[in-house]
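Geometric and topological summary
Each chain is listed here by its residues.
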Amino acid sequence: MEYVLLAISAIFVNNVVLSQFLGICPFLGVSKKMSTAAGMGAAVTFVLTLATIVTYLLQKYVLNAFHIEYMQTILFILVIASLVQMVEIILKKMSPSLYSALGVFLPLITTNCCILGVAIIVGNGVADGSYDLIKGVVFAIATAIGYALALILFSVLREHLELMNVPEAMKGTPIALLTAGLMAMAFVGFSGIV
């Protein structure tokens, strides 16, 4: 039951992009088409899950063991950059269309503060004993699902907004930011669940 509550909390209540405002750049940049948003959501899910596993092990068996916790951020950034490079190579070979659709936003996963933020949250949870590996992976997967859900919902809304008669001054970024704010307010309604 603890894992279910953790997952519901990470997906809906503490949605990483709508509540904690991590990963806003790809959220706004990749959300114009649903197919691109779904691809970015899948890439973030893959990288976030792998990064959490690797950074958990590094935190527990290297950083904490040798008392070099101050190296956490630099080490985690290197791990995430390496994983993103691997995803980029795989996407280039397996799905060139998705690779070209993601464009500049795929390298942005390297600096996506959503991924680094979750890795640091789990890493700090290792240090204080609140996260074990399974709990960290459940949190990472649920956070990635929440990120992908918000990204896909936002992209659907933006596609519908393209068909609407939006005032000239609100077209583009202004209406997108307003829509994102309304989505964030809607997700606050889930706070009574957990």
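Residues numbered from 1 in each chain as written. Predicted model: local features only at pLDDT ≥ 70, side-chain atom pairs only at ≥ 80, totals over all residues. Heavy atoms only, no water.

For the rest of this paragraph, the subject is the overall build of the protein. Each helix and strand counted, the protein has nine helices and zero strands in total. The helix and strand sequence of the protein, counted from the amino end, reads α-α-α-α-α-α-α-α-α. At 17 Å, the protein has a C-alpha radius of gyration in line with the 16 Å of a compact globule built from 194 residues. Judged by the C-alpha coordinates and their principal axes, the protein covers about 60 × 45 × 25 Å. Across the 194 residues in the protein, those meeting the buried criterion constitute 41%. Relative to all contacts within the protein whose residues are 6 or more apart in sequence, the contacts with residues 24 or more apart total 76%. Only carbon and sulfur atoms are counted for the fraction: they give 72% of the accessible area of the protein, which is about 9,900 Å². With 8 positive and 8 negative side-chain charges, the protein shows a spacing of 10 Å between the two charge centroids. (Helix = DSSP H or I, 4+ residues; strand = E, 2+ residues; numbered from the N terminus. Rg over C-alpha atoms; globule rule 2.2 N^0.38 Å. Buried < 20%, exposed > 50% of the residue type's maximum accessible area, 1.4 Å probe, protein only. Contact = heavy atoms within 4.5 Å. Areas by Shrake-Rupley, 256 points an atom, 1.4 Å probe, with all protein chains shown as cover. Lys, Arg positive; Asp, Glu negative; His and termini not counted. Charge placed at Lys NZ, Arg CZ, Asp CG, Glu CD.)

The next subject is the environment of Ser9. Looking at where Ser9 falls in the secondary structure, it is placed in helix H1 (residues 2–13). Separated by 12 residues in sequence, Ser9 and Phe21 have C-alpha atoms that sit 15 Å apart.

Here we come to the confidence of the model for the protein. Taken residue by residue, the protein gives an average pLDDT of 89. The fraction at 70 or more is 98%. Highest mean pLDDT in the protein belongs to helix H8 (residues 133–163) (94); lowest belongs to helix H6 (residues 105–108) (72). (pLDDT = per-residue confidence, 0-100.)

Of note, Phe21 is a non-glycine position whose phi angle comes to about 55 degrees, a positive value. With respect to the helices and strands, the residue Phe21 is situated in the loop between H1 and helix H2 (24–29). Residue classification places Phe21 among the exposed positions, given a relative accessible area of 53%.

Considering all chains together, one arrives at four aromatic pairs under this definition. Relative to Phe190, the ring of Phe12 lies with its centre 4.8 Å away and its plane at 40 degrees, an arrangement referred to as tilted. One end of the pair, Phe12, is in helix H1; the other, Phe190, is in the segment after helix H9 (173–188), with 178 residues separating them in the sequence. By relative accessible area, which is 27% here, Phe190 ends up partly exposed. Judged by centre distance (5.6 Å) and plane angle (50 degrees), the ring pair of Tyr131 and Phe139 falls under tilted. Assigned by exposure class, Tyr131 and Phe139 land together as buried. Taken together through their ring pairs, the aromatic side chains of Phe12, Phe187 and Phe190 make up a single cluster. (Phe/Tyr/Trp six-rings, centres within 6.5 Å; stacked < 30°, edge-to-face > 60°.)

Attention shifts here to the packing of helix H4 (residues 72–94) against helix H7 (residues 113–128). Orientation of H4 relative to H7, taken along the N-to-C sense of each, is 130 degrees, at an axis distance of 10 Å. The angle between the axes of H4 and H7 places the two elements in the oblique class. Between H4 and H7 the crossing geometry is right-handed. Between H4 and H7, the contacting residues are Gln72, Thr73, Phe76, Ile77 and Ile80 on the first element and Ile115, Leu116, Ala119, Ile120, Gly123 and Asn124 on the second. Of the residues assigned to the contact of H4 with H7, the class counts are seven nonpolar, four polar and no charged. (Axes fitted to C-alpha atoms, helices over the stretch in contact; angles between N-to-C directions. Parallel < 35°, antiparallel > 145°, perpendicular 65-115°, else oblique. Left-handed = near helix turned anticlockwise from the far one by under 90°. Nonpolar A, V, L, I, M, F, W, Y, C, P; charged D, E, K, R; others polar.)

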